[in-house]
Amino acid sequence: MSAMEEKELEKGAEPSVDDDWNPVEKVILERRSVRYYKPKQVPENLVRRILEAGRFAPSAGNYQPWRFIVIRDRDIIDAMERDIRMMCKMLKPILAWESSPLGPVAKLMSKTLTWFLPNKLHHEPYGAINAIADGEVGVFHGPPTLILLLMDKRGAGKPQVDLGCCGQNIVLTAHSHGLGTCWVGFVELLRQNPIWKKRLGIEYPYELCEGISLGYPVGKPDGMIAREAYHTRWFENGTMKVVV
Amino acid sequence: MALISFRDKMRIPSYDNSDHCMMAEVSIDHDKCDRCGLCVKACLPKVIYMEGKGKDRKVLINRNRPTGGRETGEANCYCVACNDCMAICEQGAIKAVTSADYLYRYKQVLRGELTPPRTFND
Ligand SMILES: Cc1cc2nc3c(=O)[nH]c(=O)nc-3n(C[C@H](O)[C@H](O)[C@H](O)COP(=O)(O)O)c2cc1C
Ligand code: SF4
Ligand code: SF4
């Protein structure tokens, strides 16, 4: 990399000085995942108000394939965290093959699983599963409130996308009220768990899809940052240009 | 759009091999840092960690290879240039400067530079 390119990069990583954003853009651009919460509970009416934002998300065929579960009992959240960690501990010997007692068998299993589950075992979840197993990384990050998103498996089109819209409405509304959130995809590890399905009352056609940790953040985690700027193909007046 | 060759498509990278995947780069300005430790809490993959206690503590970057690494045997995941550390740091001491890079099956195509939000007003 040339010195000039390096300088460009440094410049690119500076926070935005532009303050010409409308309130919606501001919340969208400043939202960061929060992984450190104050113990103070979020008022019930505020949580319910935030869920309203989820209820009014767009969905294919207006099927609204979502339901919510709210958990505000520390012992339930802790028990879920413990069981997710246990799942990770069971997965670790077949994933982290370099340090696995199973040796080449683990390598074969790890590569095969990664082959068939390229998204679920993409680098970041792959690394996180092993780090959660070792107790280095937390699952929910100690929120006073946890929202679980359930998906109706019979949803129109691509219900996962609908759930994404719904969850993001919830997240953005929470941040607009000064709260912090973090999506927790690892709740998926409890999806098939019969004990948790019974305890949380999850039945067909619903399945556990995502978790959202919710609470008052410690410090000020929200703020604008730099992200990769991708190429966008732009067709207009019979020509095509690429904008960055 | 850039394409991934058939060979790349078929090949699963080894996550602990730095030729196959490189984690993003973060820089910490130790002169500005007041060692509050918030960035350590904000970083999911625990790339940033605090070493030492009390007055002598210092935030450092863990550059070990990810999980099951040949070199370390420790569980670690990647810095993904999420910049959560930069956002939480009130001293402006920290930022991610380059993105993570994956090869083979996860090769990033047309990945751009880290750029703050723009209004395109002018
Ligand atoms: C569907 C989904 C699942 C996620 N799962 C987790 C998770 O299990 N644990 C976690 O700490 N962060 C999780 N995240 C948060 C991402 O790590 C985070 O959004 C990303 O690093 C970008 O950072 P930002 O949210 O601060 O902009 C998840 C995000 C999404 C959208
Ligand atoms: S958040 Fe900033 S000031 Fe606090 S320890 Fe991290 S780098 Fe230092
Ligand atoms: S950019 Fe994200 S992953 Fe990298 S050190 Fe900062 S918080 Fe951690």
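Preceding this section is the structure that the text describes.
Bear in mind that the values here come from a model prediction, so they are computed numbers and not experimental data. (Residues numbered from 1 in each chain as written. Chains lettered and ligands numbered in written order. Predicted model: local features only at pLDDT ≥ 70, side-chain atom pairs only at ≥ 80, totals over all residues. Heavy atoms only, no water.)

Engineer: Go over the overall build of chain A with me, naming the residues and quoting the values.
Structural biologist: Scanning chain A from terminus to terminus reveals eight helices and seven strands. For chain A, the spread of C-alpha atoms along the principal axes amounts to about 55 × 50 × 45 Å. Per-residue burial over chain A gives 45% buried out of 244 residues. Taking contacts inside chain A between residues at least 6 apart in sequence as the whole, the part at least 24 apart equals 77%. Total accessible area on chain A is roughly 13200 Å²; 57% of this is exposed by carbon and sulfur atoms. Averaged over its 32 positive side-chain charges, chain A has a centre that lies 6 Å from the centre of its 30 negative ones. (Helix = DSSP H or I, 4+ residues; strand = E, 2+ residues; numbered from the N terminus. Buried < 20%, exposed > 50% of the residue type's maximum accessible area, 1.4 Å probe, protein only. Contact = heavy atoms within 4.5 Å. Areas by Shrake-Rupley, 256 points an atom, 1.4 Å probe, with all protein chains shown as cover. Lys, Arg positive; Asp, Glu negative; His and termini not counted. Charge placed at Lys NZ, Arg CZ, Asp CG, Glu CD.)

Engineer: If you had to explain the interface of chain B and chain A to someone new, which residues and values would you point to?
Structural biologist: On the chain A side, the residues contacting the 51 residues of chain B number 53 residues. Regarding the contact of chain B and chain A, the summed buried area is about 4900 Å², with carbon and sulfur atoms giving 59% of it. Taken together, chain B and chain A are joined by three salt bridges. Residues B:Asp84 and A:Arg35 are paired through a salt bridge, measuring 3.0 Å at the closest nitrogen-oxygen approach. Run the count over chain B and chain A and you get 13 residue pairs in polar contact (both at pLDDT 80 or more). Elements with a minimum of two residues in the side of chain B that touches chain A: helix H1 (6–10), helix H2 (38–42), helix H3 (84–88), strand S5 (94–98) and strand S7 (114–115) of chain B. The residue inventory of the side of chain B that touches chain A, partitioned by class, reads 27 nonpolar, twelve polar and twelve charged. Pairing of strand S5 (residues 227–228) of chain A with S7(B), which is carried by two bridges, proceeds in the antiparallel orientation. For A:Glu228, the partnering residue across the bridge sits in S7(B) and is B:Leu114. (Buried area = accessible area lost by both parts, 1.4 Å probe. Salt bridge = Lys/Arg side-chain N within 4 Å of Asp/Glu carboxyl O. Polar contact = N/O pair within 3.5 Å; in protein donor to acceptor, adjacent residues only side chain to side chain. Nonpolar A, V, L, I, M, F, W, Y, C, P; charged D, E, K, R; others polar. Pairing = 2+ DSSP bridges.)

Engineer: Lay out the layout of surface pockets with the relevant residues and their values.
Structural biologist: Residue and element names in this part refer to chain A. The space that makes up the largest pocket amounts to roughly 1200 Å³. In this structure, the largest pocket is lined by 41 residues; those nearest its centre are Asn 119, Lys 120, Pro 125, Gly 185 and Phe 186. Listing elements by their share of the lining of the largest pocket, those giving two or more residues are helix H4 (74–95), helix H6 (123–133), strand S3 (180–184) and S5. Top element by residues in the lining of the largest pocket is H6. It accounts for five residues. Its residues placed into classes, the lining of the largest pocket shows 21 nonpolar, nine polar and eleven charged. Mapped onto the domain boundaries, the lining of the largest pocket takes at least three residues apiece from domain 1 (27–72 + 144–215) and domain 2 (79–133). (1 Å grid on protein atoms, 1.4 Å probe; cavity = no way out; pocket = protein on both sides within 12 Å on 5 of 7 lines; lining within 4 Å. Points joined across faces, edges and corners; volume = space filled by probe spheres on them. Domains from an automatic or database assignment.)

Engineer: Break down a nonpolar patch on the surface for me, citing the residues and quoting the values.
Structural biologist: On the surface, A:Trp115, A:Phe116, A:Leu117, B:Phe6 and B:Met10 cluster together into a nonpolar patch covering about 540 Å² of accessible area. Contributions of two or more residues to the nonpolar patch are made by helix H5 (104–116) of chain A together with H1 of chain B. Positionally, A:Phe116 belongs in helix H5. (Patch = residues over 30% accessible without salt bridge, like charges linked within 9 Å, V, L, I, M, F, W, Y side chains within 5 Å.)

Engineer: Summarise the packing of aromatic side chains; cite the residues concerned and give the values.
Structural biologist: Residue and element names in this part refer to chain B. This model, assessed by the stated rule, comprises one aromatic pair over all chains. Ring geometry for Tyr 78 and Tyr 102: centres 6.1 Å apart, planes at 65°, overall edge-to-face. In this pair, Tyr 78 sits in the loop between strand S4 (58–61) and H3 while Tyr 102 sits in strand S6 (residues 101–102), placing the two residues 24 residues apart along the sequence. Assessed through its relative accessible area of 1%, Tyr 78 is described here as buried. (Phe/Tyr/Trp six-rings, centres within 6.5 Å; stacked < 30°, edge-to-face > 60°.)

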